[in-house]
Amino acid sequence: AQSVSQHNHHVILSEAASLELGCNYSYGGTVNLFWYVQYPGQHLQLLLKYFSGDPLVKGIKGFEAEFIKSKFSFNLRKPSVQWSDTAEYFCAVIPPGILTGGGNKLTFGTGTQLKVEL
Amino acid sequence: DAGVTQSPTHLIKTRGQQVTLRCSPKSGHDTVSWYQQALGQGPQFIFQYYEEEERQRGNFPDRFSGHQFPNYSSELNVNALLLGDSALYLCASSLGGRDSPLHFGNGTRLTVT
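Treat the numbers as computed from the prediction; the structure is a model and nothing was measured. (Residues numbered from 1 in each chain as written. Chains lettered and ligands numbered in written order. Predicted model: local features only at pLDDT ≥ 70, side-chain atom pairs only at ≥ 80, totals over all residues. Heavy atoms only, no water.)

J.: What's the story with the overall build of chain B in this structure? I'm lost.
T.: Counting its secondary structure elements, chain B contains zero helices and 11 strands. Its helices and strands taken in sequence order, chain B reads β-β-β-β-β-β-β-β-β-β-β from the N to the C terminus. By its C-alpha atoms, chain B is 40 × 30 × 25 Å across when sized along the principal axes. Here the analysis covers contacts within chain B between residues at least 6 apart in sequence; of these, 52% occur between residues at least 24 apart. (Helix = DSSP H or I, 4+ residues; strand = E, 2+ residues; numbered from the N terminus. Contact = heavy atoms within 4.5 Å.)

J.: Explain the interface of chain B and chain A here, please?
T.: Where the parts come together, the accessible area they lose is often given as the size of the interface. Chain B puts 23 residues into the contact, and the matching count from chain A is 21 residues. Summing both sides of the interface, chain B and chain A together bury roughly 1,700 Å²; the carbon and sulfur share of this comes to 53%. On inspection of chain B and its partner chain A, the count reaches zero salt bridges. Inspection of the chain B/chain A interface yields six residue pairs in polar contact (both at pLDDT 80 or more). Put simply, the parts of the chain that give the side of chain B that touches chain A at least two residues each are β4 (31-37), β5 (44-50) and β9 (87-94) of chain B. Classifying every residue of the side of chain B that touches chain A gives eight nonpolar, 12 polar and three charged. (Buried area = accessible area lost by both parts, 1.4 Å probe. Salt bridge = Lys/Arg side-chain N within 4 Å of Asp/Glu carboxyl O. Polar contact = N/O pair within 3.5 Å; in protein donor to acceptor, adjacent residues only side chain to side chain. Nonpolar A, V, L, I, M, F, W, Y, C, P; charged D, E, K, R; others polar.)

J.: What exactly am I supposed to notice about the packing of aromatic side chains here?
T.: The way to describe two aromatic rings as a pair is by their centre distance and the angle between their planes. Scanning all chains against the criterion turns up 15 aromatic pairs over all chains. For the ring pair Phe 108 of chain A and Tyr 35 of chain B, a centre distance of 5.7 Å and an interplane angle of 90° mean the geometry is edge-to-face. Pair noted here: Phe 108 of chain A is in strand β11 (residues 107-108) and Tyr 35 of chain B is in strand β4, and the two residues belong to different chains. Relative accessible area serves as the criterion here: at 8%, Phe 108 of chain A is assigned to the buried category. Geometrically, the ring pair formed by Tyr 35 of chain B and Phe 104 of chain B is tilted, given 5.7 Å between the ring centres and 55° between the ring planes. Within this pair, whereas Tyr 35 of chain B is found in strand β4, its partner Phe 104 of chain B is found in strand β10 (residues 103-104), the two being separated by 69 residues in sequence. Each member of the pair, Tyr 35 of chain B together with Phe 104 of chain B, is buried. A connected cluster of aromatic rings, assembled from ring pairs, spans Phe 34, Tyr 36, Phe 51, Phe 90 and Phe 108 of chain A together with Tyr 35, Phe 45 and Phe 104 of chain B. Between the NZ or CZ atom of Arg 55 of chain B and the centre of the ring of Tyr 50 of chain B, over which it lies, the distance is 4.7 Å. (Phe/Tyr/Trp six-rings, centres within 6.5 Å; stacked < 30°, edge-to-face > 60°. Buried < 20%, exposed > 50% of the residue type's maximum accessible area, 1.4 Å probe, protein only. Lys NZ or Arg CZ within 6 Å of the ring centre and 35° of its normal.)

J.: Help me understand unusual backbone geometry in this model?
T.: Comment: phi is negative for the bulk of residues other than glycine, and the bulk of peptide bonds are trans. Here Ser 7 of chain B and Pro 8 of chain B are connected by a cis peptide whose omega angle stands at -10°. Mapping Pro 8 of chain B onto the fold places it in the loop between β1 (5-7) and β2 (10-13). One non-glycine residue, Ala 16 of chain A, adopts positive backbone phi at about 80°. Relative accessible area serves as the criterion here: at 53%, Ala 16 of chain A is assigned to the exposed category. Within the chain, Lys 61 of chain A stands out as a residue other than glycine whose phi angle is a positive 60°. Relative to the helices and strands, Lys 61 of chain A resides in the loop between β7 (56-58) and β8 (64-68). Here Lys 61 of chain A falls in the partly exposed class, since its relative accessible area comes to 45%.

J.: Help me out: how do you make sense of the nonpolar core in this one?
T.: Nonpolar side chains in soluble globular proteins generally cluster together in the buried interior. Residues and elements named next belong to chain A. Ranked by internal contacts, the top residues of the largest apolar core, which has 29 residues, are Leu 33, Trp 35, Leu 47, Leu 48, Phe 74, Leu 76 and Tyr 89. Secondary structure elements with two or more residues in this core: β2 (10-14), β3 (19-21), β5 (32-38), β6 (45-50), β8, β9 (73-78), β10 (87-94) and β12 (112-117). In terms of residue count, the dominant contributor to this core is β10 (four residues). Discounting chain neighbours no more than four positions away, the residues touching Leu 47 are Trp 35, Tyr 36, Val 37, Gly 59, Ile 60, Phe 63, Leu 76 and Tyr 89. (Core = buried A, V, L, I, M, F, W, Y, C linked by side-chain atoms within 4.5 Å.)

J.: Sorry if this is basic, but what is going on with the environment of Leu 56 of chain A here?
T.: Residue and element names in this part refer to chain A. With respect to the helices, strands and loops of the structure, Leu 56 is situated in strand β7. You can call Leu 56 partly exposed: its relative accessible area is 32%. Between the alpha carbons of Leu 56 and Gly 28 there is a distance of 20 Å; along the sequence they are 28 residues apart.

J.: So what exactly am I meant to see when it comes to the state of the cysteines here?
T.: Two cysteines joined by a covalent bond between their sulfur atoms form a disulfide. All names here are of chain A. Applying the stated rule across the entire model yields two disulfides over all chains. Paired through a disulfide, Cys 23 and Cys 91 show a sulfur-sulfur distance of 1.9 Å. Judged by the sign of its S-S torsion, about -65°, the bond between Cys 23 and Cys 91 is left-handed. Here Cys 23, found in the loop between β3 and β4 (24-25), pairs with Cys 91, found in strand β10; they are 68 residues apart in sequence, far enough to count as distant. (Disulfide = S-S within 2.5 Å.)

This is the structure in structure tokens:
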């Protein structure tokens with residue numbers, strides 16, 4: 001089935017370590033890509049999005065993601081994590097069939113729980 | 001401040017009962033989407049309402065229904081509750097177009113016993 005895969009379910013890092021969270025999708029054609037973050041006790045917030053253009057996208061709080069079309073990937077990165085980055089991170093896609101219809105229905109991955117230790 | 005408000009925050013129901021969840025979108029938004037997030041899973045799309053009509057629907061049975069009011073607020077109704085309906089139900093609002101990012105509420109935690 002067409003889907004979004006996040007292979008790292010739990011990640012533990014020390015402060016100042018670099019972060020890379022993987023996201024792969026299995027849809028052919030044009031997609032819109034997103035990373036959302038959910039801090040403990042808070043709502044889902046948009047970190048960054050890719051629609052077209054420069055495949056390296058910069059988001060809030062120092063996060064960035066790179067769209068590699070040939071690999072169907074949209075990995076999230078941050079050079080130096082902070083304790084406050086502890087949260088659950090979700091990759092999401094608007095699939096081609098939805099995009100052509102003008103919709104914005106999201107298909108989410110299962111999420112990656114990131115814990116940053118002091 | 002989420003901008004999107006959902007009520008109630010928590011709810012406990014018994015199998016077979018019916019439940020109604022409510023959502024007020026972010027000011028200026030006209031489209032409301034509902035997602036179900038089971039424990040350990042990503043949110044799954046239930047349906048979307050625009051101009052008081054269901055515009056898109058995910059793979060959920062007819063027991064899940066909704067409504068959008070003229071003020072853009074929305075309700076999610078679930079009939080004949082099953083244990084498997086226990087989840088966090090998220091409401092998201094947007095301006096309806098594909099370039100409009102979704103703004104999520106804090107969700108309603110539904111427990112079915």
